[in-house]
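# Descriptive structure summary
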Amino acid sequence: MNLQDAFAIESLKEKTTALRKLFAPYTPHVAVDGLEVQALTVLINLVYKRSEIDALTSTRTAKSVLRDEVLLSKCINEVKWFHTHNLKYPDIRVSNQRLISEVVSEDIAGICSRSLPLSFGWSHNSAEINHAKLFLTSFIWQGEVTCLAKLLITEEPVWINLIKAYGFTKKAVFDIAVKIKQQLPVAELPLEVSSFSPQLQMPFQQSYLAVTPVVSHVMLAKIQQLTTDRKLNFGLVEHSRPANVGDLASSVGGNIRALRYFPKTNSKVINRSKVANDDIEKAFKIRALLSSQFQQALLVLVGIKQFNTLRQKRLARVAAIRQVRVSLQLWLDNILEAKNNAQEQAYPEWAKHYLDQNITNCISQFSNILNESLGTLSKLKRFAYHPNLMGLFKTQLNYVFTHCTTEQETLNDEQIVYVHCQDMRVFDAEAMANPYIQGMPSLTALNGLAHNFERKLKNFIDPSIKCIGSAIHIENYQLHTGKPLPEPSKLKQVAGHTHVISSGIIDKPKCDITLDLVFRLFVPNIELLDKLNSQLIKPALPSMFAGGTMHPPSLYQNIDWCHLHTKPSELFKNIKAKSLNGSWLYPSKKVVKSFEQLIDALNGNFNLRPAAIGFAALEEPVKRDAALHEYHCYAEPVIGLLECVSNTSVKYAGAKQFFHDAFWVMDVQKESMLMKKSKFEYE
């Protein structure tokens, strides 16, 4: 709906509701060109609460606002609490601070506020929230996102004259503009770090840099807009006192939407009664067909899923074919293993029936069994023998059967050691890596874990050891329901008696994770290399990950969970033998710098996930009171991409590709602190 359509609504109540929604921060900005007079009237009337006004289009009410010097003064005073980044999100105890800045670097390898037009949010005394709306509310005028405060500061003649029409002299309007300009500088950052603002420690120039992440108003608003249109998956983050958080949280009743994506884990139980016989059960992994990604791919390929543009449809089809290939690879895994491991055609008894014939007959037989299996699964019955899928299945089966071979690769580097920690359990880890994303584990936490591990190794064993990369495999993931109650930590006096009470509940989802970690260590000392063993390594492994407690596998499982590998081939052999549940989190080869590119990337590859890849600095590091280290900077979280790669895909891609593509490292600069692929390659 545009502004003209909203003004055309006959019902006064419906018109007012539509106008409030059009000018709300959680909806796309509305264009006001040609309707400037009516738009200004609405903006002025927004200073009243819903219960205090019936019609936002009332010119009489708008005139009374501008003639009320006290009320107008309150509106002007709230300009000094406009911000670009909300320091009170999510902890409203941060007070008397505001932040106006932009990302320092013009080229960030991820999505940040640089990709969006500047707009302001507000956070201060909740009682004044409506008074802020007059000069704060954003809209589009002459093709640019703006607000009344910016238009008055730049002294736009059209808007100066519109306000004059309400009975002001030109000098009075310019006086208002001067007051607003004084309270809305180009940049403003706090002089000290609030005790309620988090601080992260980043390795920087032989020391550490204290970094305080702050949420960008325009990024959070854009996520609300995109998820309202169902362009991205979302989850809700509840705020019990939204008006204290800011105008955006208040406009959505405290229910802020965050992107909600999870790592790929496969834990579905197979109903054995649906499997035709023992030979088929041994030969084919039926559960490969039960993944939601495989079903979504088939929906795209048969034309059931609809798209807005031809480009989106084309991208989705490419992604669907790629996903079908990955699923068939897992489905044929046992057959491929038998084929690749056979010596002089000595196939196992159950595999002879499928492999002792030419490729054409093999593919035809595989196709028949695949369609029969689809027919026995209730959710996939409609795809069995589907005319749009028959030829495609045969093509992909042929590709998988002929291309998925495992070759022995010789990889050597005498100064590189790998530490493989398997089946590690993490309890109560943070499920929001940053304020924008819910679900995906924190990649910056992975770097923190690796750095902590390196520090302990230097202290316990030798200072020459360096961690030059880390890889992570998520086997199981469980998001907690409900909100954790904070511990009693505040003193309150009631009737002369002091009681310890809890602070307010902040909605921070937690999760439990089962994971594997692989650390790549650089050990320049050959003598030290001979002395290293897992018993020396185990005490150095940190006990915390992503804010949660990390434990090795239970003693009842009797697993030798920590291995030291000097030969990459030995490690890769262990990785290939792993359970097929879960996925490795690879750095994505695709870089996205806008939400539009993110949506296209997700449509083009079902295995990609948005992830928190680090932070973009909002200033050069400076000395600041109450900072953890000598230098401190404020930074905003950056959204990037990672790829969930199944263990089957890792196995058939080969060892060289795994060691080249799977490892992460953090690049800390003055302008950014971003996770990226660890540059390392065996010759």
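What comes next is a walk through the structure. None of the values given here were measured: they were computed from a predicted structure.

## Some points on the overall build of the protein
Across its full length, the protein holds 26 helices and 24 strands. For 683 residues, the compact-globule estimate of 2.2 N^0.38 gives 26 Å, and the protein sits close to it at 29 Å. Along the three orthogonal principal directions, the C-alpha set of the protein runs to about 95 × 65 × 55 Å. Per-residue burial over the protein gives 53% buried out of 683 residues. When contacts within the protein are restricted to residue pairs at least 6 apart in sequence, long-range pairs at least 24 apart make up 74% of them. As displayed, the protein has an accessible area near 31900 Å², and 48% of this comes from carbon and sulfur atoms. Across the protein, the 77 positively charged side chains and the 64 negatively charged ones have centroids separated by 5 Å.

## Side note on helix 3 (residues 36-45)
Burial within helix 3 is extensive, with 8 of its 10 residues counted as buried. For helix 3, the full list of buried residues reads Glu-36, Ala-39, Leu-40, Thr-41, Val-42, Leu-43, Ile-44 and Asn-45.

## Here we look at the packing of helix 15 (residues 310-331) against helix 24 (residues 595-604)
Two elements in contact, helix 15 and helix 24, have axes whose closest approach is 7 Å; the angle formed by their N-to-C orientations is 40°. Relative to helix 24, helix 15 is oriented oblique. For the pair helix 15 and helix 24, contact is made by Arg-311, Gln-312, Leu-315, Ala-316, Ala-319 and Arg-322 and by Asp-600, Asn-603 and Gly-604, respectively. Considering only residue class, the contact of helix 15 with helix 24 consists of 3 nonpolar, 3 polar and 3 charged.

## Quick word on the side chain of Asn-647
One can find Asn-647 in helix 25 (residues 647-653). Within the structure, the side chain of Asn-647 is placed 2.7 Å from the backbone oxygen of Ile-575, a separation counted as a polar contact. Leave out the neighbours within four places in its chain, and Asn-647 touches His-473, Ile-575, Lys-576, Lys-578, Ser-579, Leu-580 and Trp-584.

## A look at the environment of Trp-561
Along the polypeptide, Trp-561 turns up in the loop between strand 18 (548-551) and strand 19 (562-565). The class of Trp-561 is buried, set by a relative accessible area of 14%. Residues Trp-561 and Lys-538, 23 residues apart in the sequence, show an inter-C-alpha distance of 9.5 Å. Not counting the four nearest positions on each side in its chain, Trp-561 is found in contact with His-420, Cys-421, Gln-422, Met-424, Lys-538, Leu-541, Pro-552 and Pro-553.

## Remarks on the packing of helix 14 (residues 292-301) against helix 15
Remark: helix 14 packs on helix 15, axes separated minimally by 8 Å, with the N-to-C direction vectors making an angle of 135°. On the basis of the axis angle, helix 14 is oblique to helix 15. Helix-helix and strand crossings are classified by hand; for helix 14 and helix 15 the assignment is left-handed. Facing helix 14, whose interface residues are Gln-293, Phe-294, Ala-297, Leu-298, Val-300 and Leu-301, helix 15 presents Ala-316, Arg-317, Ala-320, Ile-321, Gln-323, Val-324 and Ser-327. Among the residues making up the contact of helix 14 with helix 15, the classes are represented as 9 nonpolar, 3 polar and 1 charged.

## Let's talk about the environment of Gln-183
With respect to the helices and strands, the residue Gln-183 is situated in helix 9 (residues 170-183). Taking C-alpha positions, Gln-183 is 67 Å from Thr-405, a pair spaced 222 residues apart along the chain. In contact with Gln-183, other than residues within four places in its own chain, are Ile-76, Asn-77, Val-79, Lys-80 and Arg-98. A polar atom in the side chain of Gln-183 sits 3.4 Å from the backbone oxygen of Ile-76.

## Concerning the pattern of salt bridges
In total, this model carries 16 salt bridges according to the counting rule given. Across the pair Lys-676 and Asp-667 runs a salt bridge whose closest N-O atoms are separated by 3.8 Å. Its relative accessible area of 26% is what places Asp-667 among the partly exposed residues.

## Section: the sheet that holds strand 12 (residues 437-439)
Taken in spatial order, the 3 strands of this open sheet run 9-10-12, and their pairing is mixed. Whereas interior strands pair on both sides, the edge strands pair on one side only; in this sheet they are strand 9 (234-238) and strand 12. Recorded for the sheet is a direction-independent mean angle of 50° between the axes of neighbouring strands. In this sheet, strand 10 (residues 255-261) lies alongside strand 9 in antiparallel orientation, the contact comprising 5 bridges. Its bridge partner being in strand 10, Phe-234 is matched across the sheet by Leu-259.

## So, the nonpolar core
Counting residues in hydrophobic clusters, the biggest one holds 100 residues, and the most contacted among them are Phe-519, Leu-521, Phe-545, Phe-595 and Met-673. Ranked by residue count, the leading element in this core is strand 22 (residues 631-645), at 8 residues. In contact with Phe-595, other than residues within four places in its own chain, are Ile-111, Leu-116, Met-219, Lys-222, Ile-223, Leu-226, Leu-232 and Ile-639. If you look at the next biggest cluster of nonpolar residues, it comprises 57 residues, including Ala-6, Leu-19, Ala-62 and Val-79.

What counts, and at which threshold
- Per chain, the residues get numbers from 1 upward, laid out in the order the sequence is written.
- In keeping with the predicted nature of the model, local features appear solely for residues at pLDDT of at least 70, side-chain atom pairs appear and are counted solely at 80 or more, and the whole-chain, interface and lining totals rest on all residues.
- As a rule here, side-chain values come from all non-hydrogen atoms in the structure, and water together with hydrogens is ignored.
- Only runs of H or I of at least four residues qualify as helices and only runs of E of at least two qualify as strands under DSSP, and these elements are numbered from the N terminus.
- We compute the radius of gyration over the C-alpha atoms and compare it with the globule rule, which gives 2.2 Å times the number of residues raised to the power 0.38.
- For every residue, the accessible area (1.4 Å probe, protein chains only) is compared with the maximum for its type, and the residue is labelled buried under 20%, exposed over 50%, or partly exposed between those bounds.
- Two residues qualify as a contact provided that any one of their heavy atoms is within 4.5 Å of a heavy atom in the partner residue.
- Computed by Shrake-Rupley with a 1.4 Å probe, the accessible areas treat only the displayed protein chains as cover when residues are assessed.
- The sign given to each residue is positive for Lys and Arg and negative for Asp and Glu; His and the chain ends receive no count.
- By convention, the point assigned to a charge is CZ for Arg, NZ for Lys, CD for Glu and CG for Asp.
- To define axes, lines are fitted to C-alpha atoms, for helices over the stretch in contact only, and angles between the resulting N-to-C directions are given on a 0 to 180 degree scale.
- By definition in this entry, angles of less than 35 degrees are roughly parallel, angles greater than 145 are roughly antiparallel, angles of 65 to 115 are roughly perpendicular, and the rest are oblique.
- In this classification, Asp, Glu, Lys and Arg are treated as charged, Ala, Val, Leu, Ile, Met, Phe, Trp, Tyr, Cys and Pro as nonpolar, and every other residue, Gly included, as polar.
- Polar contact criterion, stated in full: a pair of N or O atoms within 3.5 Å, where within protein one must be able to donate a hydrogen and the other to accept it, and residues adjacent in sequence count only if both atoms are side-chain atoms.
- Crossing chirality is assigned from the near helix's rotation relative to the far helix, an anticlockwise turn below a right angle marking it left-handed and a clockwise turn marking it right-handed.
- We define a salt bridge as a contact between a side-chain nitrogen of Lys or Arg and a carboxyl oxygen of Asp or Glu at a distance within 4 Å.
- When DSSP finds at least two bridges between two strands, those strands are taken to pair.
- Residues grouped as a nonpolar core are buried Ala, Val, Leu, Ile, Met, Phe, Trp, Tyr and Cys residues, joined through side-chain atoms within 4.5 Å.

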